[in-house]
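This is what each chain is made of:
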Amino acid sequence: MNSLPVVETFRSIQGEGIHSGRSAFFIRLAGCNVACSWCDTKHSWPQSAHPQRSLAELSAETAAAAADGAAFVVITGGEPLHHNLDELCEILAVLGLPLHLETSGVDPLSGKFDWISLSPKRHKPPCNELLSCCDELKLVVHEAADLEFAESMAAANIAAVNQKSAALLLQPGADCPAGRDLAINYVLKHPNWRLSLQTHKWLGVQ
Ligand code: SF4
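Quick caveat: nothing in here was measured; it's all calculated off a predicted structure.

Reading the values: the criteria
Residues numbered from 1 in each chain as written. Predicted model: local features only at pLDDT ≥ 70, side-chain atom pairs only at ≥ 80, totals over all residues. Helix = DSSP H or I, 4+ residues; strand = E, 2+ residues; numbered from the N terminus. Near = placed C-beta within 6 Å. Nonpolar A, V, L, I, M, F, W, Y, C, P; charged D, E, K, R; others polar. Expected span 1.5 Å × (residues − 1). Buried ≥ 20, exposed ≤ 12 C-beta atoms within 10 Å, placed from the backbone. Arc of directions from axis to C-beta. Core = buried A, V, L, I, M, F, W, Y, C linked by C-beta atoms within 7 Å. Pairing = 2+ DSSP bridges. Axes fitted to C-alpha atoms, helices over the stretch in contact; angles between N-to-C directions. Contact = placed C-beta atoms within 7 Å.

## A few points about unusual backbone geometry
Next, step 1: Gly 77 connects to Gly 78 through a cis peptide bond whose omega is 15°.
Next, step 2: With a phi angle near 60°, Ala 35 is a residue other than glycine that sits in the positive phi range.
Next, step 3: For Ala 35, the location among the structural elements is in the loop between strand 2 (23-29) and strand 3 (52-54).
Next, step 4: In this model, Asp 175 sits at a positive phi of 50°, which is unusual for a non-glycine residue.
Next, step 5: Relative to the assigned elements, Asp 175 resides in the loop between strand 8 (167-172) and helix 5 (177-189).

## With respect to the site of the ligand
Next, step 1: Inspection of the region around the ligand gives Cys 32, Val 34, Ala 35, Cys 36, Cys 39, Thr 41, Ser 44, Gly 77, Gly 78, Glu 79, Ser 104 and Lys 121 as its neighbouring residues.
Next, step 2: Within the shell around the ligand, the residues separate by chemical class into five nonpolar, five polar and two charged.

## A few points about helix 4 (residues 144-160)
Because each turn of an α-helix spans 3.6 residues, side chains separated by three or four positions end up pointing in the same direction.
Next, step 1: Between the first and last C-alpha of helix 4 there are 25 Å, a value that for 17 residues agrees with the 24 Å anticipated at 1.5 Å per step.
Next, step 2: Residues of helix 4 that are buried include every one of Asp 146, Ala 150, Met 153 and Asn 157, and no others. Projected down its long axis, helix 4 carries its buried residues within an arc of 65°, all on one side. Away from its buried face, by an angle of more than 90 degrees, helix 4 presents the exposed residues Ala 144, Ala 145, Glu 148, Ala 155, Ile 158 and Ala 159.

## Brief notes about the nonpolar core
Taken as a class, soluble globular proteins show a tendency for nonpolar side chains to be buried jointly.
Next, step 1: If you look at the biggest cluster of nonpolar residues, it comprises 40 residues, and the most contacted ones within it are Val 73, Ile 75 and Leu 137.
Next, step 2: Residue contributions to this core peak at five residues, all from strand 2.

## Examining the sheet that holds strand 8
Next, step 1: One open sheet holds the nine strands; their spatial order is 3-1-2-4-5-6-7-8-9, and the pairing between them is mixed. The sheet is open, and its two borders are formed by strand 3 and strand 9 (193-195), each paired with just one other strand. Each adjacent strand pair in this sheet contributes to an overall mean axis angle of 30°, direction not counted.
Next, step 2: Alignment of strand 2 against strand 4 (residues 72-76), held across five bridges, turns out to be parallel. Bridge assignment links Phe 26 to a residue of strand 4, and that residue is Val 74.
Next, step 3: Relative to the sheet, helix 4 contacts strand 7 (136-141) and strand 8, its axis offset from that of strand 7 by approximately 170°.

## Considerations on the pairing of strand 2
Next, step 1: The buried fraction of strand 2 amounts to six of the seven residues, a majority that puts the element mostly inside the structure.
Next, step 2: Of the pairings in the sheet, the one linking strand 1 (residues 3-13) to strand 2 comprises seven bridges and is antiparallel in character. When the sheet's bridge partners are listed, Val 6 is paired in strand 2 with Leu 29.

Next comes the structure, spelled out in structure tokens:
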């Protein structure tokens, strides 16, 4: 494999999660069969609707982003782990930027990453491998059952790791006042959780 289906590449700030607010270069891969009803990147689902781009091209763009001040690369989607990411990571690693992954965790891990943001979905929970190696657990909240699921994922993470457990984040669903209130009230009473906000949406940036 020396190409991957790519929806888009872009420079922006990381809008959500622990690294929110930092300069990043994004590679959004195409293809996702997780089918979240509230997905805000449904255009990324059909892999065939997006061009195959060579890893050499992606590497050149990443090098340019590094020269432009990007602090890290975010491999996102779609669901990036539908693809084997070994070769992409090998090629990008030589450029020196930390590699971050955003995944729902439904597939086995491939590639080597410096930061893994795992966003488990209730209707398709992640595999244990991802639960054991993620750096942050980011749960989207629409209703009370999402909080129960969030706690079950946090417990599964603690059970799966030997040493450091993941940072725990609750992220209100987009345009969902009920989710916002649930997440805020939960974080107020549970100090091991913190709020993650999609700040890029507020700012009107990508
Ligand atoms: S896993 Fe991500 S890209 Fe796939 S449907 Fe869910 S939110 Fe959308």
